[in-house]
Structures are given as structure tokens and as C-alpha cells.
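Fold and contact review
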Amino acid sequence: MSTTAEVPVSPAGNPIGFGRMLRKEDQRFLRGQGNYLDDIKLPGMLHGAILRSPYAHARIVSIDTAAAEAHPKVKAVITGKMLEGLKLAWMPTLSQDVQAVLATDKVRFQGQEVAFVVAEDRYSARDALELIQVEYDPLPPVVDARRALEDGAPVIRDDIEGKRDNHIFDWEAGDREATDRVFAGADVVVAQDMLYPRVHPAPMETCGSIAHMDRVTGQLTAWSTTQAPHAHRTLYALVAGLPEHKVRIISPDIGGGFGNKVGIYPGYVLAVVGSIVTGRPVKWVEDRSENLTSTSFARDYHMHGEIAASRDGKIRGLRVKVLADHGAFNGTAQPTKFPAGFFHIFPGSYDLEAAHCQVTGVYTNKAPGGVAYACSFRVTEAVYLVERMVDVLADELGMDPAELRRRNLLRPEQFPYTNKTGWVYDSGNYGHTLEVALEKAGYSELRRQQEEGRARWRAAGGSPEKPGAGGQHLMGIGISFFTEGVGAGPKKHMDILGLGMADGCELRVHPTGKAQLRLSVQTQGQGHETTFAQIVAHELGIPPEDVEVIHGDTDNTPFGLGTYGSRSTPVSGAAAAVVSRRVKDKARIIAAAALECSPDDLEWELGRWQVKGDPDKVKTIQEIAMLAHGTLELPEGVEGHLDASVVYDPPNLTYPYGAYICVVDLDPATGRVQVERFIAVDDCGPRINPMIVEGQVHGGLADGVGMALMEAIQFDSSGNCVSGSLMEYLLPTSLDCPSWELGETVTPSPHHPLGAKGVGESATVGSPPAVVNAVIDALEPFGVRHADMPLTPAQVWLAIRGRPLRTDIVE
Amino acid sequence: MQVPAPFEYDRASSVEEAVALLERHGAEARPIAGGHSLLPMMKLRLARPERLVDLNDLTDLSYVRAEGEWIALGAMTRHAELAASDLLARHYKVFQDAERVIADPVVRNRGTVGGSLCQGDPAEDLCAVVAALGGQVVLRSSGGGRVVAARDFYLGPYETVVAPAELVTEVRIPIRPGSGSAYEKVERRPGDWAIAAVGCFVTLAEGSVADCGIGLAAVGANGYCAPQAEAQLRGQPATEESFRSAAEAAAASCRPQSDQRGPADYKRDLVRELTQRALRRAAARAMAGGA
Ligand SMILES: Cc1cc2nc3c(=O)[nH]c(=O)nc-3n(C[C@H](O)[C@H](O)[C@H](O)COP(=O)(O)OP(=O)(O)OC[C@H]3O[C@@H](n4cnc5c(N)ncnc54)[C@H](O)[C@@H]3O)c2cc1C
């Protein structure tokens, strides 16, 4: 289905509305004219560097900064003790916990911030770190989350009054008794343990901040790598007691966020303190290892799933227990009432009788954060769980995984559908999307080829005892069907630290008909400057090149909570549509005044109001803009100008979904896996700019291949992070990716003004289970039912031998 | 940005000058070639030379040429130049095989033959190739030159016989007309260091293996080679059966360590599988006329 056929074309060749157009932001990025944080240089600017803990868990005995202070280029050395004096040694996290800005009593993870040096240049700041003497008294660390709650486990958070264990929270959703009843009466029950390993967003640009506290005016300006500038402004005000009207956060061009740039890191606060202490602007930019070892990770969910079904393949219930490793401080970014994010979506896309899950969060001596990386607020983990469980069940029943899904997907007439945790899926035609994907993949032909391949492997001498004999490879086919809940969120349900998740938006149409759209969300590569201009074009008929999208500066944009969790189009996209409609309504009144008729006599044609039945009597939106700013007498109560503003509170989340099919080639002799084909059919409602949507999907699929096959932040038993560089934390490259085969179905959201659903995370959510299911499918001749990600060659080789490894800890 | 500790910098314009600079500044001075091993270590402050002597102007050390019964590779020849060399392609396809899987194009454009050997990383692919081929390393110091067999060049991981004020200037490979060679590597992702890798050559005579060399990377093999396996294969018929037993000998002879790339028994199994594959492919090339 195409939504772009009848869209008129602007003088610049762009669609006046939805359709493919090159991104407006690409010009500056391709010409090297972007302005990233580290490009910014202020007069008199100093540079900061952070001394970090070499230990996962240790008491700080003493810190001697004298030699560092004596360094000729050092301007200040800041320690936790000094921050205590300013009441800034601890800061609140996004999850009602506190996190040390600089350690005072203990260090609680390797890489934790211990001291901050401010110097005239970055090299001197780094050199001076080595002049600081810290005496540590090492303590036994908690590295294995599964042992965090054992009696006698070292207590990590003894800073919390009365804390005697490493427990953070218990949370549950669904109906426990109903689920137990279904399980008790089910023909088939299968269980599986699985780990969604700790992974890292690893954006190309690391995190950083430049703080400038003007001592005369008391104005703090902070240029920060932030996905949520407005939330940061309020947090600075709350944390540091700064007057919010004198805090300005500027988020310049951002080189990738993926959730890594949602929270406030100690380095940001330290840049502010450094500027207060020195009276000069202070820049702090972390290096690659700092980014990987100390900033927000994602996942780290140890899951136990159980699925109940009838013998003929009707899924009846799902029961889940999760142990969530939150690291040393509970810094998870998510709406306040949701300690396990939106894990509620774990029943997935299926028509179940009952479901229940319980999540327990624990502290470990690892970096804090969580839910970054196409955060999706734990939808990623939930989808992985259910899509793996469905394959485990298919294996148990000896049923084709496509057929099993076909029999259990929600049917179109069930929408809006209230799932077993009470969430209302807005719209869907799941079966259709699955069939489109199967058709595109040539599914039955693939299964036939797979059988032939297995026969060749056996004929050449391949067997469980001799996996590599004969040199034949094995094919694997994996399916996943995912439903996400994105676009947080309705104010009545969701807030972050008391801030509602509604987004402001302002539209100003200038006298000559050119427009500026001001948004609270902050692009990190998603193409906001193009997509949002196209929304205005679609609503008002102003060519997208005539609409400037302004974002990333709290002084110049309305309040809102930022870009993450695929919320920009569901929330701010809706706001942009609604604010455009307000302008359109006002334009009607002005046009009527000019045409000397009643507004009711006018009808809208894209870009113009015209008299019904008399299309010669017409005013274009550009003419109306000039009239609105001119001398035309307007009706009683109508003010001039053509501006509007709105605060959009979404009535519900939107629920994009998709059917993914992955085909892998697996060498059973070496364990090496190559993704040969990937078919991704996404339904995110109408696509505003299909090219940008496809780009989002491409990136997410590559992410998914990375997580499934190579990415993991791992620790040794002493709590040393062994994944602190891109030599060890492997990211996928083009050589790991096939030519993606994309498809679409279009099922609009009934409550979003454009029907759009948000797509930023779809592929990151949907692809890992497809890849893992494909690898496990390839291993069918060995009777393998599960192995944890990442499915590295070694992990596959071990799985063939029935002894896959834990992937959170390296011995 | 990761920043190294302070250091001084000289740019040598001749081998003599480089050697003299190294001698003058003693053990704290280090030559730098492509910098793709040394600079990352400096940025992590694992290496802290007080002075760098830059070899990148020594373009006369950049060549691949036939000299009598040898192919000579200048120490400053880049990975990319090895990959592109027709001469090497005509004599030893093992170089192309290996270069295709060493790092990525950016690293291959800068990294050098000399740097690879002198780095002596246990997983360095070129070390295994040169060891398999029974190459020699030519060294220069103010006292003159010396030649060391590649297999005797290494004292242990990251340790070589190169003296503080000594430079590697050339690597030599004996020409073996009609021989076949091949390289097999398994890594976690293209561009990553090997989990295990095997390079080899075979010379055939009347269906038997007249001569062979087997090099191993990333599995703790002394001098990156597998002499027992070679001894076992020499004189045997060039059959799957012989390759299998040589592969088993190679697997038995190495000492891999368990790490993030995988457990030791996996790596050992890979050596067996990859040795067999490499020998099979090298023999096929030999039978097709060589390379
Ligand atoms: C991301 C990445 C991935 C890589 N992957 C692989 C891989 O898969 N396989 C692989 O084999 N290699 C790999 N490498 C290493 C690469 O091959 C390097 O180029 C090589 O190891 C060193 O060569 P260089 O010229 O850069 O040496 P440099 O870094 O300049 O020097 C290395 C060492 O050798 C010394 N040295 C250099 N030249 C001489 C000389 N002529 N005489 C005496 N001493 C000298 C230096 O003092 C230093 O100690 C990788 C490197 C990177 C950065």
C-alpha cells in the first residue's frame, strides 16, 4: 500500500507531505559541517578528566591530590570530599536511587568516578590524573547477579540507611493465580532459562559536556550530549539547586544516542562544578573506554520462561521470572512507576489465556544505568523472551515455528486488544504481516533447501559426534514476530521524576509563508529536521524546504521529555500535526475575512482555503500568512499572526509490530555463523518519510545482528570489565550484514493524528530473536534448544557439544 | 579521546640515522612504523616510550622483489602492498589469503611487515605466514647486520631478538617453484584478531609431500610453527588421511589459552580443522601448478 502516490512536489523537488526525500540535515553532515560537542571551543575554556576506580569494590582509605595540584597547567582537582561540602557528592538517578558523582566512602564498580582534574588542556588533565595517589582497601565484589541475594553476599549499598542486602525491587504484572491454573491444566509445559546479556549502545560520539557558569549573571549554559535537554535542565535545577530560568541546555549535533545519552552522568555535573570553581568554561568529553565501562548499558536480564500449550499448538499461558542486574546504582531510565520498564509486553503478539511475570532487581559491582540502547523500556527483553519461548515450544511440539505463530497470533477483530497485563494494543493485522514476510522469504522453499542441506551434511558423514565431517554447512531459518509499545506516554500513567511525558510544540508561520517548528525532542540521527518538516508540509501544504525545525536548545524550544523509546513521532510527531491543524484553523478564519465570506463557506485543498464551489476565490497559506501579519481587519477576538502552540498528551502508546525472518549459514566445524538473508516486514502505520524509516530499520537490524552474534559487556570474577574497548566489544560491520530485504504493511494507529506508530527501535527489538532462532534452528541436528547470546563461533561450537557458556562472566 | 603520555619525536630519513637515533636515546626510544600496534598501546598508556623514531620516510624499505632464490619484503612494506603484489600472488597465495583477513583496510594501509613481526602479538597473522614459509629476518644496527631465521626471531609473546638499537629492515622468503600455500583463519568478526589461524605451504613430488611448512597464530605455538606436524607430513602421500594426521599433530603441539575468544579445547579443535583445510587448499594449488 502506498501513501505517497498523490503527494504534490515542491519547487525543490520534495514531496509536500509524506514521501521519500533526502534528509535536510545530510548537507551539513556530509560536508563535515556538523557541530558536535567536541567541535565547540569557547574563549578561556578549560578541560576536565576523570580519575576512575581500578577496583570493582573497595574502600577508599585516602586520596592525595597535592602532586596533581602542583602540575603547572592544572587549575583544580576535585574530590568527593569537596563535593560533600557542596552537597553534590551524590545525585539522584532516574529511578529514585542516588549515584555517587565522585566516590566518598567506597568505589562500587570498576571505572567509577573518583576525582576530577581541570587543566588548561586535555593532555595535561590526563597526565595529572596519574599524579593523584589513591589508597584503596579492596573488598570482595558481587559480580554474579545470581548470587547477589545470597546470605553473606557483600553489601554494596551500605550508603543507604539500614541496607543489609543487594535487593532493589520486586515487581510483577499479570495474574499469577489465573496463570498457575492454566499451567496446571495444560497438556504441555516447557521451561527455558535465558540471559539477555549486558550490551552497550556504543554511539560513535561518546558522551560529554561543556559547562559555563557566568559568575556575574549566575547563568549556567551547558552544551551536552543529551537526548533530553529539557529534562536535564529541570534535573540540574533540582540537583544543584540552580534557578531553572538561569539554566540553559544546548544539545548540539549528536553522533548517535541509542539511549546512552538520556541520563545525567557524573562527568556532566563535574563540568558544572569545575566551571563554578574556576570561573571558566570547562569541557569534559569521555574517551571510548570510559564510554564502554561507565555509561548506561542495556539489558542484563536473567530470565526464566515457562510456556503452556495444548498438544495441537494452542499457546495458553506464559510465566516469567526475571533477575535484573542493575549494577551499583539503580540508574535505569524509565517512567517512574515502571521499575521493569514496559516488560508488561512479554505476552507478545499472541492470544493467551493468562500470563504472569515477576522481576527482581539487584545491585552488583558493575556500571550503573540500564535500558539504554534502543531502550524501548525493556520491550527488547520481553520480545526476546516470548519469541524464544515460542520457538522452544515449537521444538517441543515438533511443529513448524511459522505454523505455531500463525495459530496463535492475535486476530484483527480482537483490536483494540487488552493484553494479559492490561495494556491496550491499538491496532494490528498480525496474520497478514506474517504471511507477507513468509511469502517474501519464500519460506517453504527455504525449508526444502534446509532439508536438502541437512541430508547432504549427513551423507557426507556429519553427525552429532562428528559435526564438521564432510565440510558441509547447515542452514538455519529463524522467525520473530514482535509487538512494541512505544511513545511514552499518557500523563495519567507515566512520568519521569514527576515530570509528565507530554511534549510541547510551537509553529510560527512568518509573513512570507516560511515556517519554524520548535520541538522538545532531540535528534541523534533519526532525521527529525526532515520528518517533522514533512508533517507540517502534509498538514499545511508548505513545502518541507520552507519549514525549519528547531530543537536542542532549551531557551528556544518548548518543554518536553526528549527522544528515546521511539517516542518522537508518536508524541512530538502528533504534536506537530496538531499544532499545524491549529494554524490551519486560524488560517481559515483569516482567509474568510479576506475573501469576505464565512469560514464555513471554505474548504481545504492542500496549501489553500477556497470557497466551496468557487475555486477561483482562494487564499494560499502563504497569502494568508502575509494577511495575518498585515492590516486586514480580523473578526472580533481573533489575534493577528499565524502562530500556534500545543502540548500533546498521548492518549495511549502506539504499538508497531513486524514479522522478521532470518536465514543463516552455519559452519558446524568452526562454529562460524553468517547471516545470509534478513527479511523485515514492519508495520509502523503510515510512513512519513519511507527512506528514513528504512534507514532506521537498517540500523536496527545491524544492531540486532551485533547483539545476537558478538556484543556483550563481560566481567571477570574480580569484577574487571573485559569489554572496555572496541577490540573486545565487537560491533557489527557491513561485512556482517546481508542486503536487507524490507517490506511493509500499513495499519494506522487509531489514536495518533497521523496514524503513525514510531519505528526507531522496531528492528533492534525484533531482530535479535530472529537471528538467535535461526542459529538454534541450524543446530537442530544436534538437539540444541537454546544457547545464550552472543552466539560467537566458540559459543556455537560449545552449544553443539551440549555445553554452551554463560555469557555474562568470563572465567 | 585517549591521549598518550608525553613523548619526544624524531623522523629518521635513513636507516643509518634511525639506528643512530635509537642508539643515542637508549632503551626508552622506540621505532614507529605503521603505528597500529604501538599507538593504541600508548594511548592506553600500556606503552610509554619517551621518544619515537618515525620510520615512515624510509621509503627505500618499501618493496616486494625477487632476489635470486628469495622474495624480499622491505620492512616498511604495508599490508595493502603485500595484498596487491603480483609477485607474491604468483609464488605464495598464502599472503593474499592472510591479508584479506588481517584487520580492516584502514589498518592495512598503514601497518607494516616490520611492525607486525616486531610486535610479536601471539595472534599476528603475518608472523604465522612467515614462520610457515621458513622466512628469514634481516636486522641492522650500528654494528652491522645479521640475519635470523623467523622461527628463532621470537622469545615469547611480544618478545623478539631485536636489540634496543636494532632495526628490522627486511623479511626474506625462500622461493619454492610449484609449491602451494594457503591461510585459514576463524575470527569472531571480520577485522578481528584470530581465534585461531593456520598458514601453510606444501611442495609435492609424485603425489607425495616433499616439503611443507605449517604456521599457527593465536594458539601459543612456539615460534608460530608446528614442526612435529611438518615432520610427520614430509614424505607422506598428499592425501586427506595424511593431512588429517598432520592436523592432529598440529593441534596436539600448540598451547592455546582460554579467553574471551573461546576455551582452549575449542581453539585446539580449530587448529585441527584449519590445518586440514589449509593443507587441502595448498595441495590443490600445488597440483594446479603452484602458488
Ligand atoms: C583494529 C586493528 C585490528 C588488527 N587486526 C589484526 C589482525 O587481525 N591480524 C594481524 O595480524 N594484525 C592485526 N592488527 C595489527 C596490524 O597488523 C599492525 O599493523 C601490526 O601489528 C603492526 O604493524 P605497524 O607497522 O603498525 O607497527 P607499529 O605499531 O608501528 O610497531 C609495532 C612494534 O614494532 C616495532 N617496530 C616497528 N617497525 C620496526 C622495525 N622496522 N624494526 C624494529 N622494530 C620495529 C615498534 O617499535 C613497536 O614496538 C590489527 C591492528 C588494529 C589496530
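Criteria and cut-off values
Residues numbered from 1 in each chain as written. Chains lettered and ligands numbered in written order. Predicted model: local features only at pLDDT ≥ 70, side-chain atom pairs only at ≥ 80, totals over all residues. Heavy atoms only, no water. Axes fitted to C-alpha atoms, helices over the stretch in contact; angles between N-to-C directions. Helix = DSSP H or I, 4+ residues; strand = E, 2+ residues; numbered from the N terminus. Parallel < 35°, antiparallel > 145°, perpendicular 65-115°, else oblique. Contact = heavy atoms within 4.5 Å. Nonpolar A, V, L, I, M, F, W, Y, C, P; charged D, E, K, R; others polar. Pairing = 2+ DSSP bridges. Salt bridge = Lys/Arg side-chain N within 4 Å of Asp/Glu carboxyl O. Buried < 20%, exposed > 50% of the residue type's maximum accessible area, 1.4 Å probe, protein only. Near = heavy atom within 4 Å. Polar contact = N/O pair within 3.5 Å; in protein donor to acceptor, adjacent residues only side chain to side chain. Areas by Shrake-Rupley, 256 points an atom, 1.4 Å probe, with all protein chains shown as cover.

Concerning the packing of helix α5 (residues 93-101) of chain B against helix α8 (residues 125-132) of chain B
Residues and elements named next belong to chain B.
- Axis separation between α5 and α8 bottoms out at 10 Å; the angle between their running directions is 170°. Put simply, α5 runs roughly antiparallel to α8. Every residue of α8 that contacts α5 at Val 94, Phe 95, Ala 98, Glu 99 and Val 101 is listed here: Asp 125, Leu 126 and Val 129.
- Along the lines of polarity and charge, the residues of the contact of α5 with α8 split into six nonpolar, no polar and two charged.

Focus: the sheet that holds strand β28 (residues 614-620) of chain A
Residue and element names in this part refer to chain A.
- Spatially, β26-β27-β28 is the arrangement adopted by the three strands of the open sheet, whose pairing is antiparallel. Only two strands of the sheet have a single partner each, and these edge strands are β26 (602-605) and β28. Adjacent strand axes in the sheet meet at a mean angle of 35°, parallel and antiparallel pairs treated alike.
- In terms of strand pairing, β26 meets strand β27 (residues 608-611) through four bridges, oriented antiparallel. In the sheet register, Leu 602 faces β27, and the bridge partner there is Val 611.
- Contacts from helix α14 (residues 568-595) reach β26, β27 and β28 within the one sheet, and its direction differs from that of β27 by about 45°.

A short note on the pattern of salt bridges
- By the definition in use, this model includes 89 salt bridges over all chains.
- Between Asp808(A) and Arg806(A) there is a salt bridge; the shortest N-O distance is 2.8 Å.
- Given the relative accessible area of 4%, Asp808(A) is considered buried.
- Judged by relative accessible area, Arg806(A) falls into the partly exposed class, the value being 30%.
- Salt-bridge contacts for Asp259(B) lead to Lys267(B); the nearest nitrogen and oxygen are separated by 2.9 Å.
- Look at Lys267(B) and you get buried, because its relative accessible area is 2%.
- In the salt-bridge network here, residues are joined through shared partners; they are Arg59(A), Asp97(A), Asp105(A), Lys106(A), Arg108(A), Arg157(A), Asp158(A) and Asp159(A).

Some thoughts on the site of the ligand
- The environment of the ligand is made up of 32 residues, and the closest members are Pro31(B), Gly35(B), Thr112(B), Glu124(B) and Asp125(B).
- Neighbouring residues of the ligand are distributed over chains A and B.
- Ala33(B) places a polar main-chain atom, nitrogen or oxygen, 2.8 Å from an oxygen atom of the ligand.
- Protein chains bury 94% of the 970 Å² of accessible surface belonging to the ligand in isolation.
- Of all the secondary-structure elements, those providing two or more residues to the shell around the ligand are β2 (29-32), α7 (113-119) and β10 (167-174) of chain B.
- Looking at the shell around the ligand, the element that brings in the most residues is α7(B), giving five residues.
- Residue composition of the shell around the ligand, grouped by class: 15 nonpolar, twelve polar and five charged.

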